[in-house]
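# Summary of the model geometry
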Amino acid sequence: MDDALTFGPEQVPLAVLDLAPVPDGGNAGDALRATIDLARHAERLGFRRFWVAEHHNMPGIASSAPPVLIGHIADATTTMRVGSGGVMLPNHVSLVVAEQFGMLEALHPGRIDLGIGRAPGTDQVTAAALRRSPEALSADDFPDQLMDLLGFFTGRWPEGHPFAQITAVPGRGHQPAMWLLGSSGYSAQVAGLLGLPFAFAHHFSPANTIPALALYRSHFRPSEVLDRPYAMVAAAVICAETDERARWLAGPLPSPEEAAAHPYTELERAFVADRRATQILGAPETVRRGLADLLEATAADELMLTTMVFDPADRLRSFELVADLARTAQPLDAS
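Residues numbered from 1 in each chain as written. Predicted model: local features only at pLDDT ≥ 70, side-chain atom pairs only at ≥ 80, totals over all residues. Heavy atoms only, no water.

### Some thoughts on the nonpolar core
Judged by nonpolar contacts, the single largest core of 81 residues is most densely connected at Phe-47 and Leu-303. If we ignore the near neighbours within four places in the chain, the residues touching Leu-303 are Val-12, Pro-13, Leu-14, Ala-15, Met-232, Val-233, Leu-291, Leu-294 and Leu-295. Membership of the second largest hydrophobic core comes to seven residues, among which are Ile-238, Ala-240, Leu-249 and Val-309. (Core = buried A, V, L, I, M, F, W, Y, C linked by side-chain atoms within 4.5 Å. Buried < 20%, exposed > 50% of the residue type's maximum accessible area, 1.4 Å probe, protein only. Contact = heavy atoms within 4.5 Å.)

### Focus on the pattern of salt bridges
Evaluation of the coordinates by the stated rule reveals 14 salt bridges. Arg-315 is the partner of Asp-18 in a salt bridge, and the nearest nitrogen-oxygen pair spans 2.6 Å. With Asp-18 in strand S2 (residues 12–18) and Arg-315 in helix H12 (residues 312–327), this pair connects stretches of sequence that are 297 residues apart. For the pair Asp-18 and Arg-315, a shared accessibility class is recorded, and that class is buried. With a closest N to O distance of 3.6 Å, Glu-244 and Arg-247 form a salt bridge. Of the two residues, Glu-244 and Arg-247 both sit in helix H8 (residues 243–249), three residues apart, roughly one turn of that helix. (Salt bridge = Lys/Arg side-chain N within 4 Å of Asp/Glu carboxyl O. Helix = DSSP H or I, 4+ residues; strand = E, 2+ residues; numbered from the N terminus.)

### As for the packing of aromatic side chains
The tally for this structure, following the rule as stated, stands at 10 aromatic pairs. Residues Phe-152 and Phe-163 carry aromatic rings whose centres are separated by 5.7 Å and whose planes lie at 25° to one another, so their mutual orientation is stacked. In this pair, Phe-152 sits in helix H5 (residues 142–154) while Phe-163 sits in the loop between H5 and strand S6 (177–182), placing the two residues 11 residues apart along the sequence. Owing to a relative accessible area of 4%, Phe-152 belongs among the buried residues under this scheme. In this structure Phe-163 comes out as partly exposed when scored by relative accessible area, which is 31%. Between Trp-157 and Phe-163, the aromatic rings sit 6.0 Å apart at their centres with planes inclined by 85°, giving edge-to-face as the arrangement. An aromatic cluster of at least three residues, connected via ring pairs, comprises Phe-198, Phe-200, Tyr-216 and Phe-220. Arg-118 extends its terminal NZ or CZ atom over the ring of Tyr-186, reaching a point 3.7 Å from the ring centre. (Phe/Tyr/Trp six-rings, centres within 6.5 Å; stacked < 30°, edge-to-face > 60°. Lys NZ or Arg CZ within 6 Å of the ring centre and 35° of its normal.)

### Focus: helix H2 (residues 66–76)
Looking at H2, one finds that the buried residues are Pro-66, Pro-67, Leu-69, Ile-70, Gly-71, Ile-73 and Ala-74. Residues of H2 that are buried in the fold lie against helix H1 (28–45), strand S3 (49–52), strand S4 (81–88), helix H3 (94–107) and strand S5 (112–117).

### Brief notes about the pairing of S6
Across the six residues that make up S6, a large majority, five, are buried. Relative to S6, S5 runs parallel, the two sharing four bridges. Across the sheet, the residue bridging to Leu-114 is Met-178, located in S6. Direction of pairing for S6 relative to strand S7 (residues 198–201): parallel, over a ladder of three bridges. Its bridge partner being in S7, Leu-181 is matched across the sheet by Ala-199. With helix H6 (residues 185–194) bridging S6 and the parallel S7, this β-α-β connection has right-handed handedness. (Pairing = 2+ DSSP bridges. Right-handed = clockwise from strand over helix to strand, strands pointing away.)

### Let's talk about the side chain of Glu-43
Within the fold, Glu-43 resides in helix H1. Although buried, Glu-43 forms no salt bridge, and the nearest oppositely charged side chain, Arg-111, lies 4.4 Å from it. Within the structure, the side chain of Glu-43 is placed 2.9 Å from the backbone nitrogen of Met-80, a separation counted as a polar contact. (Lys, Arg positive; Asp, Glu negative; His and termini not counted. Polar contact = N/O pair within 3.5 Å; in protein donor to acceptor, adjacent residues only side chain to side chain.)

### Looking at the packing of helix H11 (residues 284–298) against H12
Axis separation between H11 and H12 bottoms out at 10 Å; the angle between their running directions is 70°. Between H11 and H12, the crossing angle belongs to the class labelled roughly perpendicular. Every pair of crossing elements has a handedness; the one defined by H11 and H12 is right-handed. In contact with Pro-284, Val-287 and Arg-288 of H11, H12 contributes Leu-321, Val-322 and Leu-325. Considered class by class, the residues forming the contact of H11 with H12 number five nonpolar, no polar and one charged. (Axes fitted to C-alpha atoms, helices over the stretch in contact; angles between N-to-C directions. Parallel < 35°, antiparallel > 145°, perpendicular 65-115°, else oblique. Left-handed = near helix turned anticlockwise from the far one by under 90°. Nonpolar A, V, L, I, M, F, W, Y, C, P; charged D, E, K, R; others polar.)

### Points about the pairing of S3
Of the two faces of S3, the one lined by Arg-49 and Trp-51 and the one lined by Phe-50 and Val-52 are each fully buried. Direction of pairing for S2 relative to S3: parallel, over a ladder of three bridges. Bridging from a neighbouring strand, Leu-17 pairs with Trp-51 of S3. For the crossover from S2 across H1 to S3, the handedness is right-handed.

### Quick word on H6
Along H6, the residues that are buried comprise Gly-185, Ser-187, Ala-188, Ala-191 and Gly-192. Looking down the long axis of H6, one finds its buried residues gathered within 165° of arc, a one-sided arrangement. Structurally, H6 contributes buried residues whose contacts are with S6, S7 and helix H7 (209–219). The positive-phi residue at the C-terminal boundary of H6 is Gly-195, with phi of around 70°. (Arc of directions from axis to C-beta.)

### Section: unusual backbone geometry
The linkage connecting Gly-85 with the following residue, Gly-86, adopts the cis geometry, with an omega of 5°. By the secondary structure assignment, Gly-86 is in strand S4. Cis rather than trans, the peptide bond between Val-169 and Pro-170 has omega equal to 0°. Within the secondary structure layout, Pro-170 lies in the loop between H5 and S6. Although it is not a glycine, Asn-57 adopts a positive phi angle of roughly 60°.

If you want it as structure tokens, here you go:
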């Protein structure tokens, strides 16, 4: 993208993570259409990539099937990269993931990202339903699953591997850009050892951000994909015309009015305060400082922004304001 949106003097690319939030009183269809509409606007604004997350058994989140939603978003856009942030690999068979994302890459060559996560993306009961047995929850076969996935894409297998006789159609020969996602140090180390790009979930695990990035960079080995580490940091951002408006929008997905009227317990208030402390929210200049501080602390190669608010119009407006501030040079940027 010639007019790709970047931030700061290092011209760090900006990207979008969305969960297709379903506001109180809304429905999944409208939420999914709002996500597709947001993707169209994000492309026009210059965001480099648009990812959707996998979550299950969450009435307020409609992005349970990333490959399906990615296909619709890729059809609705033309140049922006589209992908998963991520596909939770333990919930799926590697062959099916290779076929699904190979199909997406075949249909939209050079535009698909496959972000892989190790967590279930849901509660334990739902995870057991996804994996078809409670026993599967205790088996940590993520490394084997990941190697199988790479094998189905590349056709390269260890000598005598039983899956070598399988051709993933259309996965083989249509490998999307692969990322590992994480909120702790495990995936950071694996991404480094495999020479893959790494995306960290700072928006819900900020205490682990710096240690995980350090592990990724220290374990990095050059590969066919990368000759140096490439780390993306995902941050929760709400930008509005004023700091007060942004704080107001930062209520839970019931409307801000309902959230304000809720009789919170002390524990609930502490949880909300903790979540808000991890967000970058405020007027454009406040958000600019927050993003600059995050970049200084993490030395991220790319920033991915996620915005969870009640009204899709406020979500879109937040990204518009971020795009405006990113394109407005400041004395610090110029220097």
